[in-house]
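Coordinate inspection notes
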Amino acid sequence: MSSYQESDTNGAENSTQLTIEVVAENALLLSWQAKISLTQHNKIITLQAMIVQQLGELIIETVASYHCLMVYFSPQLSTSTQMIDKINSIAKNHHASLEIDKGDTPKVKSLHGDCIKIPVYYDTEQEWDLADVAKRCNMSMDDVIKQHSAETYHGYALGFTPGFCYLASLPESLHLPRKSSPRLKVPQGAIAIAEQQSAIYPIESPGGWHIIGQTPLPMYESKNGQFNTTINVGQNVQFYAITKAEFIAIQQGLQT
């Protein structure tokens, strides 16, 4: 395992320590402090882009998450030791290229283009969790909707099901633990919250998050052998409220 401590522009050490671990013949796991931090995550995905750009054909695939980066490389072209040395060399300089604010709560920036707008029908008819969330958070349902849709969220990781992107950070006033008894069926397009996060269920599946609405938009597209997610790691997302009639109109438009 390899590790080093990053320094700020004045040469002083900060709390960001990168470790690199060999997890397979052709895979390295890069890990940072286990926390939800926009500053740290922007460093991770910037480093990810630099590794892909600078190491070229050596790289098969990279996968970023909250505080980790998995790097798959060609064992025919490089050894683990050589890759660790190359990545350490890139990592020691990558922080200088970041154009982000200092601290753990900077203004949300996206390294992958414009903010994605997601329409949401915040539904009470389906007897989901909007009313319960409002009660437990000691606010009205309108306040829940306003607070949830007022934030700009950042995509930190993909997982659970194809197209499921973990978004943070939810306003602290809406923080709730996951449901003690998960649902066996959460509908496709369900907008849900849990702890510091929000997410959209791409397909019908079990789930223990609190459902507060639903979007008619698909969360992925599979065409001609290509799988593309609607929200990718590093992108920003904003939710906006729509009526039931607007939900149905968008849904019907997508089916034509």
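That block above? That's the structure.
Residues numbered from 1 in each chain as written. Predicted model: local features only at pLDDT ≥ 70, side-chain atom pairs only at ≥ 80, totals over all residues. Heavy atoms only, no water.

For the rest of this paragraph, the subject is helix H1 (residues 38-55). When the terminal C-alpha atoms of H1 are compared, their 25 Å separation across 18 residues agrees well with the 26 Å that a helix rising 1.5 Å per residue should span. Of all 18 residues in H1, 14 are buried, a share of seventy percent or more. Phi turns positive, to about 50°, at Gly-56, one or two residues after H1. (Helix = DSSP H or I, 4+ residues; strand = E, 2+ residues; numbered from the N terminus. Expected span 1.5 Å × (residues − 1). Buried < 20%, exposed > 50% of the residue type's maximum accessible area, 1.4 Å probe, protein only.)

With that settled, the discussion passes to the environment of Ala-241. Among the secondary structure elements, Ala-241 is positioned in strand S16 (residues 236-241). Here Ala-241 falls in the partly exposed class, since its relative accessible area comes to 47%. In this structure the C-alpha to C-alpha distance between Ala-241 and Tyr-122, which are 119 residues apart in sequence, comes to 6.7 Å.

Attention now goes to the nonpolar core. One finds Ile-118, Ile-231, Val-237 and Phe-239 to be the most contacted residues of the largest nonpolar core, which totals 25 residues. Contributions of two or more residues to this core are made by strand S6 (116-120), helix H3 (130-136), helix H4 (141-150), strand S8 (165-168), strand S10 (190-194) and S16. Ranked by size, the runner-up nonpolar core spans 23 residues in total, among them Ile-44, Leu-47, Met-50 and Ile-84. (Core = buried A, V, L, I, M, F, W, Y, C linked by side-chain atoms within 4.5 Å.)

What follows is about the pairing of strand S13 (residues 210-214). With 5 of 5 residues buried, S13 lies mostly within the body of the structure. Bridge count between S10 and S13: 4 bridges; the pairing is antiparallel. Counted as the bridge partner of Ala-190 is Gln-214 from S13. (Pairing = 2+ DSSP bridges.)

Attention now moves to the environment of Glu-127. Of note, Glu-127 is situated in the loop between S6 and H3. For the pair Glu-127 and Ile-212, spaced 85 residues apart in sequence, the C-alpha to C-alpha distance is 9.6 Å.

In total, this model carries 4 salt bridges according to the counting rule given. A salt bridge links Lys-179 to Asp-129; the nearest nitrogen and oxygen atoms lie 3.2 Å apart. Pair noted here: Lys-179 is in the loop between S8 and strand S9 (183-186) and Asp-129 is in the loop between S6 and H3, with a separation of 50 residues, a long-range link. Its relative accessible area of 22% is what places Lys-179 among the partly exposed residues. (Salt bridge = Lys/Arg side-chain N within 4 Å of Asp/Glu carboxyl O.)

What follows concerns the sheet that holds S6. Strand order across the open sheet formed by 7 strands is S6-S16-S7-S8-S11-S10-S13, with mixed pairing between neighbours. Bordering the open sheet on either side are S6 and S13, each of which pairs with just one other strand. Each strand axis lies, on average, 35° off the axis of its neighbour in the sheet, ignoring direction. In terms of strand pairing, strand S7 (residues 153-158) meets S8 through 4 bridges, oriented antiparallel. Directly across from Leu-158, in S8, lies its bridge partner Cys-165. Against the sheet, H4 contacts S7, S10, strand S11 (197-200), S13 and S16, and its axis sits at roughly 150° relative to S16. (Axes fitted to C-alpha atoms, helices over the stretch in contact; angles between N-to-C directions. Contact = heavy atoms within 4.5 Å.)

Function cannot be inferred from these measures alone, as they are strictly geometric.
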